[in-house]
Amino acid sequence: MAGKKLKKVDLIFNQECLTKEYLKRTLDRDADELLAELIDSGLRGRGGAGFPTAMKWKMARQAAGDEKYVICNADEGEPGTFKDREILEKVACKVFDGMALCARVIGAKKGFVYLRGEYKFLLEQLEKDLDIFHKNLRDIGFNFHVGIFLGSGAYICGEETALFESMEGKRGEPRNKPPYPTLLGYRNKPTVINNVETLVSALMVTQIGAAEFKKLGTADSSGSKLFSVSGDTPRPGIYELELGMKLSQFVEEFGDGDTKAVQVGGAAGFCVPRKRFDETVIGFEGVPTGGSMMIFNSSRSMFNVIKNYLDFFSEESCGQCTPCRVGCQQLLLGIDAVKRGEKDPAYIDSMLKLTQTMKMTSKCGLGQSVANSFASIAQNFREEMIY
Amino acid sequence: MENIKEIVDNLSEKHGQSPESLLPILQGIVNKRHYISEDAIREVARVLNISTAKVFGTASFYSFLDIKPRGKYVIRLCKTITCNMHGSHMIRSTIENMLKIKLGDTTLNKKFTLLETNCLGWCHKGPAMLVNDKSYTELTPEKIRAILTAYLNDEIEE
Amino acid sequence: MEKVKKINIDGLSVQVKNGQTILDAARSVNIHIPTLCHHDDLCIAGNCRVCVVEVKGKKGLVASCAMPTEEGMEITTNSLMVRNARKQIIELLLSEHDSRCTLCYKNGKCELQSLAAEYKITGDSFIDLVPFKNYQIDKLSPSVIKDDSKCIRCQRCVRTCNELQQVGALSMAYKGGETKISTFVESPLYEVVCTQCGQCINRCPTGALTEKNYLDPVWEAIFDHSKHVVVQTAPAVRVALGEELGIPSGEVVTGKMVAALQRLGFDSVMDTDFTADLTIMEEGTELLGRLEKVLKGGDNDVKLPLATSCSPGWVKFMEHLYPDFIDHMSTCKSPQQMFGALAKTYYAQKRNIDPKDIVSVSIMPCTAKKFEADRPEMRSSGYKDVDFVLTTRELAIMIRQAGIDFNSLEESDFDTLMGESTGAAVIFGATGGVMEAALRTVYELVTGREVPFDRLDILPVRGMDGIREAEVKIEGVLPEYDYLEGVTLKTAIAHGLVNARKLMEMIKKEGAMYHFIEIMACPGGCLGGGGQPLPTSKKIRDKRARAIYAEDAGKPIRKSHENPEIKQIYEEFLHEPLGEMSHKLLHTKYRERIKF
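Just so it is clear, the structure is predicted and the values come from calculations on it, not from any experiment. (Residues numbered from 1 in each chain as written. Chains lettered and ligands numbered in written order. Predicted model: local features only at pLDDT ≥ 70, side-chain atom pairs only at ≥ 80, totals over all residues. Heavy atoms only, no water.)

Draft legend 1. Quick look at the interface of chain B and chain A. Taken together, the contact between chain B and chain A spans 33 residues of the former and 51 residues of the latter. Both faces considered, chain B and chain A share a buried interface measuring about 3200 Å² in area, 56% of it formed by carbon and sulfur atoms. Connecting chain B to chain A are four salt bridges. B:Lys79 is the salt-bridge partner of A:Asp311, the closest N and O atoms lying 2.9 Å from each other. Applying the counting criterion to the chain B and chain A interface returns 21 residue pairs in polar contact (both at pLDDT 80 or more). Listed by contribution, the elements that provide at least two residues to the side of chain B that touches chain A are helix H2 (22-33), helix H4 (52-59) and helix H5 (81-85) of chain B. Ranked by residue count, the leading element in the side of chain B that touches chain A is H2(B), at five residues. Counted by class, the side of chain B that touches chain A contains 15 nonpolar, 14 polar and four charged residues. (Contact = heavy atoms within 4.5 Å. Buried area = accessible area lost by both parts, 1.4 Å probe. Salt bridge = Lys/Arg side-chain N within 4 Å of Asp/Glu carboxyl O. Polar contact = N/O pair within 3.5 Å; in protein donor to acceptor, adjacent residues only side chain to side chain. Helix = DSSP H or I, 4+ residues; strand = E, 2+ residues; numbered from the N terminus. Nonpolar A, V, L, I, M, F, W, Y, C, P; charged D, E, K, R; others polar.)

Shown next as structure tokens:
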């Protein structure tokens, strides 16, 4: 990690689409060799969960069966995240090529892009891009077909098993894990499901090589990542930055001089207060993120912020499991009750305990993540919850 | 004008009759009729040979598969904190005043419905909204007036 | 060779088989992990999160009902973390629940209540969410009450209705805080495709789904001395009633049941088994009539297979989803309804009672029987043939309310006229029972000899497989049944509506593969009915079945046509099966209902 200034890169958007010939060369490479390169690169999922990409592809590759799937999770719904939309708008070809790469490694013949309903306006162009992609594959003789499945307004469908349920014509209620998608995924078949950016990054690794990729970032968080920056910032937008930066560096670059807190990782992420900017690392060894960075200055009420998140969660929870369904409602009402003086400030501690229960017992990441923002805001901005 | 049975039959021809066809068919119905009526649910159940409860239960899960009647143009205003910070409240009042409806309502002439929605993915260009499938960003009261007037006169191609 | 793994639960070393969950493993060594959404009859849900346990090396807590065991797993089911989490989960459930147990029908029998009691839940840890909800209660159907304010969204009812019964009346709806269990556009159950089978009630852990009870009107009738209250009891009640009153499952309590009913004040206690025997006479004759027309005359208007019609859940299922099958159905009423019609005609005449003063009550293992009694065509006596239907559970409530010590009752006998029955009648309570009873009579009617099965036990029709087939070759017939000589009578039996559907689809596709089929809506047959004591499980149903067949084996008369009271009613009142009197009182019609 060099210097105080943030290192901006431009790998994802800058490079052109692969030519047909280059794609063929890539897909002709030995699958184990491709996997080895990915493992070496240390690439981890770019959607927020950060699972080692190569490991996921390897498990699906090893799974028995002819029917396997590659699914691109384009259900970008985390508040403050908008990078995937840009990728799909500008370099969709790389997403598809990344999917083809995955199909090559795991032995899949079919793939899907689960596109959130809110991005339906991208459909026409995506279908055109897909036509070109399919034509290229036909020309180089690679048997892989990608379809687009449209979502219908449900944040929880970004959770991998909920996404499968949705594609199968059901409510987006997450499944029990294990079994994991690489064994039993879409239609109960081995499936690799990756975030849009992950697929592009995996492709990039095979283009520039693992060594080059590892030059960026840190040991635990190799490479670069797209960040969606919004809120109280003079420069909102999408930026590709090295992983492993300190939050203080980020704020220096993107804050408006009066930054009180930064929400790293969306509503499901952590709200880092000013006093912790210097000790917080943006990466898998520190605070991981799918890229959402929302900046709040001192004019903002953190009570309004947490209320906004809780309102979001209680609406988007699939409602299946007790701790999340009821817990979110309890928290939303609870913070109002404390604010209005109906409940003692000590009730905040009861709510913190509740979020811990939610973290430990919820069936999926949504319920498990509520504790992140709640605890970080309730602990660092306690007075704003009461007065 | 097509009746609902014809709409559903056409959609099932296009998307098939397997479990995976349910969501695309429901989306197709919303496209044509702006919401999914009881009759539509019955037709889908009939064509896919599943229970009406299942179709209803699935449709009611998804925010964009409206089961309540909606207007011709459904406005979905983003209510995420970042859009708030950029003045979505003012946009909301502008729309409410202009159309004389409150959140959740449909205008009497059934042209507009005003709803709130969660993060649309335009946080760096808030406030943002969708009108049916089209997205509008960096909204101001003036822009709203222009946009809604265009819709009022049915000038926007869908 | 199945791979065996070793895991550790609470310090105990446990051997587990492939595919077993942590919950399975814990149960195998009698470690109790509380559950709510889990049910042995249904697929794994893993949504209530009550059964969470600690697994070394895994983040947070895991749901033991859904987590498969792995070699070397170390599990703790009762750590501080587990206890705190579990307590909070229960408290969360209570916060969205109408917790006024004292006013709830399920008071004392509610799984949530038991959990709350076990964990000593006291004050209000959380905000009461009930005032913010617009909970609805659906009391419109004659059989099932759905009270959303008691629902914990465990989805047992949804899984039951969709997987076990494959009727699909219930589904999860909406999401987030608005998540609820609903019907098509939140219609009352009465208006949707619901068979009223009550299997959902049998699996609901709380008071969200209960039977509609008729205790008050029955008590009123009993204490109204101007009324003559007649009660009939179904075969399956006598092998399960004890479970509600401290007697282990699988014990036959007929004598005590009759004594209890007499003590409660019913004016006459008679037996549905009597009309079960009667059903065999009528339906057997009907079967032979159809066989004759088809085999002799090639009559295409007469449909085969003939299907039994005594399960009102099956009948309603057929009316909604397979109305084309109506002509296949036996026109015979169910034993309950035959009894009701006769109670206000035959019985009234014989005992010189004005039928308008008769209140006809039945004790049934079934909730759909409440719907059946309400069917407008069930008024052949000129009055409502069956006024009130009580489930086995409701009878137990009455017995407790009356302060009767069931266990110490001296056994008593049914009253005469419609109280005598055979072994063939009692097996109506088990899947395959109606078929076996019919075969015992029809075979003997046609050949003059007993069915060629050891001790009359027609084993091929018995058992718990979802769909069973049995064939009986008919040879050496009496001259008037020459059309049956050499015919192999093909029968099929299905229980549980998922199997009814399978059988219907098979018949739709392949045509008439059978002459006679028996279909019961409930898993296990009536012994697993929607009105039976809770809990229900395969083990319990097996025990009840064994009791029923033991009861049959021990009866002096085991064939319906040998029942002396049956002979009497034909001689003195009905004259002949399918005769004019029978047609008026004992037969019925069906109608098409909405499919979607």
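From this point on, the discussion continues.
Draft legend 2. Geometry of the domain arrangement of chain B. According to the domain assignment, chain B contains domain 1 (4-61) and domain 2 (73-152). Placing the centre of domain 1 of chain B and that of domain 2 of chain B at their C-alpha centroids yields a distance of 28 Å. (Domains from an automatic or database assignment.)

Draft legend 3. View of the state of the cysteines. Per the counting criterion, the structure on display carries one disulfide over all chains. A:Cys17 shares a disulfide with A:Cys93; S-S distance 1.6 Å. Between A:Cys17 and A:Cys93 the disulfide shows an S-S torsion of about -85 degrees. By sign, it is left-handed. Separated by 76 residues along the polypeptide, A:Cys17 in the loop between helix H1 (11-14) and helix H2 (20-28) and A:Cys93 in helix H6 (residues 92-106) bring together distant segments of the chain. Since its relative accessible area comes to 40%, A:Cys17 is described here as partly exposed. Unpaired in this structure, C:Cys366 has its nearest cysteine sulfur neighbour in C:Cys522, at a distance of 6.1 Å. Given a relative accessible area of 12%, C:Cys366 falls into the buried group. Cysteine C:Cys526 remains unbridged, with the sulfur of C:Cys310 as its closest cysteine sulfur at 6.5 Å. Take C:Cys526: its relative accessible area is 28%, and that puts it in the partly exposed class. (Disulfide = S-S within 2.5 Å. Buried < 20%, exposed > 50% of the residue type's maximum accessible area, 1.4 Å probe, protein only.)

Draft legend 4. Summary view of the interface of chain C and chain B. Taken together, the 15 residues of chain C in the interface contact 18 residues of chain B. Regarding the contact of chain C and chain B, the summed buried area is about 1300 Å², with carbon and sulfur atoms giving 66% of it. On the surface where chain C and chain B come into contact, there are zero salt bridges. The interface formed by chain C and chain B contains five residue pairs in polar contact (both at pLDDT 80 or more).

Draft legend 5. Fine view of the domain arrangement of chain A. Residue and element names in this part refer to chain A. The domain architecture assigned to chain A consists of domain 1 (20-213), domain 2 (224-297) and domain 3 (302-386). Placing the centre of domain 2 and that of domain 3 at their C-alpha centroids yields a distance of 22 Å. Listed by partner, the interface residues are 13 residues for domain 2 and 13 residues for domain 3. Counting the surface lost from both domain 2 and domain 3, the interface buries some 1000 Å², and carbon and sulfur atoms represent 63% of this. By the criterion of area lost to domain 3, the three top residues of domain 2 are Lys260, Ala267 and Cys271, representing 44% of everything that side buries. Linking domain 2 to domain 3 there are one salt bridge. A salt bridge links Lys260 to Glu384, with the nearest nitrogen and oxygen atoms 2.7 Å apart. Linking domain 2 with domain 3 are six residue pairs in polar contact (both at pLDDT 80 or more). Residue assignment for the side of domain 2 that touches domain 3 shows that the elements contributing at least two residues are strand S8 (259-264), strand S9 (270-273) and strand S11 (292-297). A breakdown of the residues in the side of domain 2 that touches domain 3 according to their chemical character gives eight nonpolar, two polar and three charged.

Draft legend 6. Local environment of the packing of H2(A) against H6(A). Residues and elements named next belong to chain A. Across the interface, H2 lies against H6 with an axial gap of 9 Å and an inter-helix angle of 25 degrees. Classified by the angle their axes make, H2 and H6 are roughly parallel. Pair H2 / H6 crosses with right-handed handedness. Contact with H2, carried on its side by Leu23, Thr26, Leu27 and Asp28, involves Asp97, Ala100, Leu101 and Arg104 of H6 and no other residues of that element. For the contact of H2 with H6, the residue count by class is four nonpolar, one polar and three charged. (Axes fitted to C-alpha atoms, helices over the stretch in contact; angles between N-to-C directions. Parallel < 35°, antiparallel > 145°, perpendicular 65-115°, else oblique. Left-handed = near helix turned anticlockwise from the far one by under 90°.)

Draft legend 7. Structural context of a nonpolar patch on the surface. Residues A:Phe51, A:Met55 and A:Met59 make up a contiguous nonpolar surface patch of about 260 Å² in total accessible area. As for its placement among the helices and strands, A:Met55 is situated in helix H4 (residues 53-62). (Patch = residues over 30% accessible without salt bridge, like charges linked within 9 Å, V, L, I, M, F, W, Y side chains within 5 Å. Areas by Shrake-Rupley, 256 points an atom, 1.4 Å probe, with all protein chains shown as cover.)

Draft legend 8. Seen up close, helix H7 (residues 141-152) of chain B. Residue and element names in this part refer to chain B. Its 12 residues place the ends of H7 16 Å apart at the C-alpha level, agreeing with the 16 Å of an ideal helix rising 1.5 Å per residue. Among the residues of H7, Pro141, Ile144, Ile147, Leu148, Ala150 and Tyr151 are the ones counted as buried. One or two steps after H7, the chain reaches Asp154, where phi turns positive at roughly 55 degrees. (Expected span 1.5 Å × (residues − 1).)

Draft legend 9. Fine view of the packing of helix H8 (residues 254-264) of chain C against helix H13 (residues 392-401) of chain C. All names here are of chain C. Two elements in contact, H8 and H13, have axes whose closest approach is 10 Å; the angle formed by their N-to-C orientations is 60 degrees. By the angle between their axes, H8 is oblique relative to H13. Helix-helix and strand crossings are classified by hand; for H8 and H13 the assignment is left-handed. In this structure, H8 contributes Met257, Ala260, Leu261 and Leu264 to the contact, and H13 contributes Leu395, Met398 and Ile399. For the contact of H8 with H13, the residue count by class is seven nonpolar, no polar and no charged.

Draft legend 10. Main features of the packing of aromatic side chains. Inspection of the entire model under this criterion finds 24 aromatic pairs over all chains. Note on B:Tyr136 and B:Tyr151: the rings are 6.1 Å apart at their centroids and 80 degrees apart in plane angle, and the pair reads as edge-to-face. Taken as a pair, B:Tyr136 in strand S4 (residues 134-136) and B:Tyr151 in helix H7 lie far apart in primary sequence, 15 residues in all. Ring geometry for C:Phe317 and C:Tyr322: centres 6.0 Å apart, planes at 40 degrees, overall tilted. Each member of the pair, C:Phe317 as well as C:Tyr322, carries the same accessibility label: buried. Three or more aromatic residues link up through ring pairs in this structure, and these residues are B:Tyr73, B:Phe112, B:Tyr136 and B:Tyr151. Above the ring of A:Tyr119, the side-chain terminus of A:Arg116 is found at 5.1 Å from the ring centroid. Positioned above the aromatic ring of A:Tyr347 is the side chain of A:Lys343, whose terminal nitrogen or guanidinium carbon lies 4.5 Å from the ring centre. (Phe/Tyr/Trp six-rings, centres within 6.5 Å; stacked < 30°, edge-to-face > 60°. Lys NZ or Arg CZ within 6 Å of the ring centre and 35° of its normal.)

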